[in-house]
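Structural characterization, general
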Amino acid sequence: MKEVKEGQRDISIFRALWKLLAVMVKAAPVLFIVDIVLSVFHGMSWGVETMMQQRFFDRAVGMAGGTVSFWRALLALVGLGLANVICQVLNGICNFMPMVVERRAGARLSAAIHEKIARLEPAVFDDTKRLEDINKAEEGKTHAFWFVENILSIFDFYLPYFLFMGWYLFSLKPILAAAILIVFIPTALAQVIRTKVFSHLEDVSAPQRRKYEYYESCIVDREYFKETRLLGGFFYFKKLYLDTLDCMQRLSYKATMKSNLFELAMRLLAVGGYCGILFLLYDALMKGEVTVGAFAAVFHSVGALYAIMEEVVCGHMGEVAKSAGAIRNFLRFLDLEESTRQGMQSAGWGDIVLENVCFSYPDAPGEAVHNVNLTLKRGETLAVVGENGSGKSTLIRLISGLYTPSSGSVRHNGIETKSLSFASLFARTSAVFQKYQRYQMTLEENITISAVQKGSGEKELNRVCAMAGTDAADPAFPEGYQTMLSREFDGVDLSGGQWQRVAIARGFFRDHDLIILDEPTAAIDPYEETQIYNRFAEISKDRSAVIVTHRLGSVKLADRIAVMKEGELVQLGTHEELIAQEGEYRRLYDAQRQWYGEEQQPAG
Ligand SMILES: Nc1ncnc2c1ncn2[C@@H]1O[C@H](COP(=O)(O)OP(=O)(O)OP(=O)(O)O)[C@@H](O)[C@H]1O
Ligand SMILES: [Mg+2]
């Protein structure tokens, strides 16, 4: 049996249309409806123009034969002119209106993506497949409006036109109405194939596109390019970039060739049908079944009909087909499973208890954290130490509630984190992350990002800056708190250590009962690091804190120390207790003492 891959279930074009329509109508309801009504009139105005042409030709022929007066012929000409003017005016309006709606709808669709991202579990961002879904959704969003507009135009513009023309041709000679079907069916079939081919293309090329965008950023982005150049990586990245581009082009070429060949065959069929209709028309004229005026108008209009059908099928339906894959990805993303933690109760501040906690990253082999039991008492400072990759960062993400354990439980004040809303979980939590952010904004904004709207007094800013070992009066900040920390926006850049102090000030600025510091001082010189920790210990006396650090000299300030090894909590106790034991902590401590040139104490 064919396995149905997760997220690959097909969403029909009509379901996609229905879902997107709802967003568009909400974005600009009045404009949207006016646009549809005018499009219907626009479509019919083309048919009316054809009828006016017939009337004018008939009267002109009549005038030449002396059976129709000059004034009646002139009246037919004025009618034709008027129909043409109305047609052109409606054409202009109908070209302009969608652009206005597009702008509003685009903003709504972006908001839908952002809101969705906010409702996903944070661990989703460690899942390559999900990252791909987000990337695909962004691509789909750019096609969404024209996807809807193109399909709608088939119903609100072309269909009224074809129905009107069908009725008109039928009234002249029933077989002529078949012209519409003969031209339509083969070209429509070609597009069905096209939809399938391009849907598949979008699925297979999305991972390639992500790679190619990444390689490009390694060559040109400010963040990467210095290292890429200096280490001579430029040519390697260029090769990877070109190889991926080549692969994408090959995929695209194959898909385009396949659908174009089928389309060519279908078009030949349509042209055959078109010639047949012209023959029937000629035959009807010779037999006197249609007037000369009707012959001229229909001759002209069947040509226009064919051109319009081409426009619908190859232009509009072609675009729909091409973008259908991207649109489906966009809708699949909106359907992704959301965090169930929305709108749930608040825990309040208390002990944090971990019971048999295990966690594995999506698609990663094995567990990053295995069977951890630990209680962080209210107001306690806990240090977490261990070698690289031992699970420290993962553990603190579990403690904070950012990640939900794969098994076991994390309770904040007695309530499991998985039943708490993110808003209530994080309301009184602050953090300085190992990979902290460098916001390209002013120094003040960088510090107050958690409560910019509240505003902040200079006194409070000075207090947190002093704690983090930074000072807005420093020459590094020529405009004090208003210094723009970005070269791109005509500001200044900081050294790694200066940036880290800003991140620490940001963590200290946020009101908190629990603070999490993941190697917050890795880029800061040892002297300043000690000062920061001492100041931190003073203000954290009555708050819970978890500090991850490799510098064991600073962990003594913690009430207890948790030692991680290969995902497991192997030791827990005070510095004195742990140093007295034969174990991982003393091994790490002794190794560092040697680095600092301290004399080694006899073991035990
Ligand atoms: N996003 C991820 N996806 C898959 N595996 C991951 C991810 N992040 C970490 N891991 C794995 O989980 C394990 C623990 O990683 P973690 O970042 O918690 O270690 P750490 O103790 O903080 O290391 P370091 O001292 O280097 O910061 C490692 O084996 C790592 O390879
Ligand atoms: Mg880490």
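Here, the structure is the one placed above.
Definitions and cut-offs
Think of each chain on its own: its residues are numbered from 1, step by step along the sequence as written. Written order determines the labels here, with chains lettered from A and ligands numbered from 1. The model is predicted, so local features are restricted to residues of pLDDT at least 70 and side-chain atom pairs to those at 80 or more, both for listing and for counting; the totals for chains, interfaces and linings are taken over all residues. In computing side-chain values, all of the structure's heavy atoms are included and hydrogens and water are not. Throughout this document, a residue counts as near a molecule or strand when at least one of its heavy atoms sits within 4 Å of that molecule or strand. Polar contact criterion, stated in full: a pair of N or O atoms within 3.5 Å, where within protein one must be able to donate a hydrogen and the other to accept it, and residues adjacent in sequence count only if both atoms are side-chain atoms. In this classification, the charged set is Asp, Glu, Lys and Arg, the nonpolar set is Ala, Val, Leu, Ile, Met, Phe, Trp, Tyr, Cys and Pro, and all remaining amino acids, among them Gly, are polar. Any nitrogen, oxygen or sulfur atom within 2.8 Å of a metal ion counts as a donor, with the limit raised to 3.2 Å for Na, K and Ca, and since water is left out, coordination shells can look unfinished. The secondary structure listing takes helices from DSSP runs of H or I that are at least 4 residues long and strands from runs of E that are at least 2 residues long, numbered from the N terminus. By definition, two strands form a pair when at least two bridges between them are found by DSSP. Three exposure classes are used, based on accessible area relative to the maximum for each residue type with a 1.4 Å probe and protein chains only: buried under 20%, partly exposed in between, and exposed over 50%. Place the viewer so that the strands point away; then a crossover is right-handed whenever the path from the first strand over the helix to the second strand goes clockwise. Planes of paired rings set the category: under 30 degrees apart is stacked, over 60 is edge-to-face and the rest tilted, where pairs are Phe, Tyr or Trp rings (Trp by its six-membered ring) whose centres lie within 6.5 Å. For this analysis, a salt bridge means a side-chain nitrogen from Lys or Arg found within 4 Å of a carboxyl oxygen belonging to Asp or Glu. Put simply, a patch holds well-exposed residues, over 30% relative accessible area, that have no salt bridge, with like charges counted together within 9 Å and Val, Leu, Ile, Met, Phe, Trp or Tyr side chains within 5 Å. Shrake-Rupley sampling with a 1.4 Å probe provides the accessible areas, and residues are treated as covered by the protein chains on show and by no other component.

1. Section: the site of ligand 1
Surrounding ligand 1, one finds 15 residues, the nearest of these being Asp126, Gly389, Lys392, Thr394 and Gln434. Between ligand 1 and Gly389, the relevant distance is 2.8 Å, taken from an oxygen atom to a main-chain nitrogen or oxygen of the residue. Measuring from an oxygen atom of ligand 1, one finds a side-chain N or O atom of Thr394 at 2.5 Å. Residue classes in the shell around ligand 1 are distributed as 3 nonpolar, 8 polar and 4 charged.

2. With respect to the coordination of the magnesium ion (ligand 2)
Under ideal tetrahedral coordination, the four donors around a metal are separated by 109.5 degrees; under ideal octahedral coordination, the six donors are separated by 90 or 180 degrees. At the metal site, the magnesium ion (ligand 2) is ligated by Ser393 (OG) and Gln434 (OE1), and these contacts range over 2.0 to 2.3 Å. One end of the pair, Ser393, is in helix α9 (residues 392-400); the other, Gln434, is in the loop between β6 (429-432) and α11 (443-448), with 41 residues separating them in the sequence.

3. Looking at the side chain of Glu519
Along the polypeptide, Glu519 turns up in the loop between β7 (514-518) and α14 (526-539). Of the polar contacts made by the side chain of Glu519, one reaches the side chain of Gln434; its length is 3.3 Å.

4. Topic: the sheet that holds strand β4 (residues 407-412)
The 4 strands lie next to each other as β2-β1-β4-β5, forming an open sheet whose pairing is antiparallel. Only two strands of the sheet have a single neighbouring strand rather than two, namely β2 (369-376) and β5 (415-416). For β4 and β5, the ladder comprises 2 bridges, and the chain directions are antiparallel. When the bridges of β5 are listed, Arg411 appears paired with Glu416.

5. Regarding the pairing of strand β8 (residues 544-548)
Most of β8 sits out of view: 5 of its 5 residues are buried. Judged by which residues are buried, β8 turns out to be covered on both faces: Ser544, Val546 and Val548 on one side and Ala545 and Ile547 on the other are all buried. As judged from the 4 bridges shared by strand β3 (residues 381-386) and β8, these two strands associate in the parallel manner. Residue pairing in the sheet places Thr381 in a bridge with Ala545 of β8. Between the parallel elements β7 and β8, the chain passes through α14 in a crossover that is right-handed.

6. Remarks on the packing of aromatic side chains
In total, this model carries 18 aromatic pairs according to the counting rule given. Summarising the aromatic geometry, the rings of Phe359 and Tyr361 are spaced 5.1 Å apart at their centres and angled 90° between planes, so their arrangement reads as edge-to-face. Assessed through its relative accessible area of 19%, Tyr361 is described here as buried. Site record: aromatic cluster; members linked through ring pairs are Trp46, Phe157, Tyr158, Tyr161 and Phe162.

7. Some details on the pairing of strand β10 (residues 568-573)
In this sheet, β10 lies alongside strand β9 (residues 560-565) in antiparallel orientation, the contact comprising 5 bridges. Within β10, the residue paired with Ile561 across the bridge is Gly573. Connecting β9 to the next strand, β10, in antiparallel fashion are 2 residues, including Glu566 with a positive phi near 45°.

8. Here's the deal with the pattern of salt bridges
What the rule picks out here adds up to 22 salt bridges. The salt bridge partner of Arg119 is Glu338, with a shortest N-O separation of 3.0 Å. On the criterion of sequence distance, the pair formed by Arg119 in the loop between α3 (70-118) and α4 (128-172) and Glu338 in the loop between α8 (292-334) and β1 (352-359) is long-range, its members being 219 residues apart. Take Arg119: its relative accessible area is 28%, and that puts it in the partly exposed class. Note on Glu338: relative accessible area 29%, which makes it partly exposed. In this structure, Glu387 and Arg587 form a salt bridge, with 2.7 Å as the shortest nitrogen-oxygen distance. Pair noted here: Glu387 is in the loop between β3 and α9 and Arg587 is in helix α16 (residues 584-595), with a separation of 200 residues, a long-range link. Taking relative accessible area as the criterion, Glu387 reaches 37% and is therefore assigned partly exposed. Among the charged side chains, a salt-bridge network with shared partners connects Glu387, Lys565, Glu584 and Arg587.

9. Remarks on a nonpolar patch on the surface
A grouping of Met63, Phe70, Trp71, Leu74, Leu77 and Val78 is seen on the molecular surface, where their side chains present a nonpolar patch of about 600 Å² in accessible area. The element best represented in the nonpolar patch is α3, accounting for 5 residues. Along the polypeptide, Leu74 turns up in helix α3. Judged by relative accessible area, which is 30%, Leu74 ranks as partly exposed.

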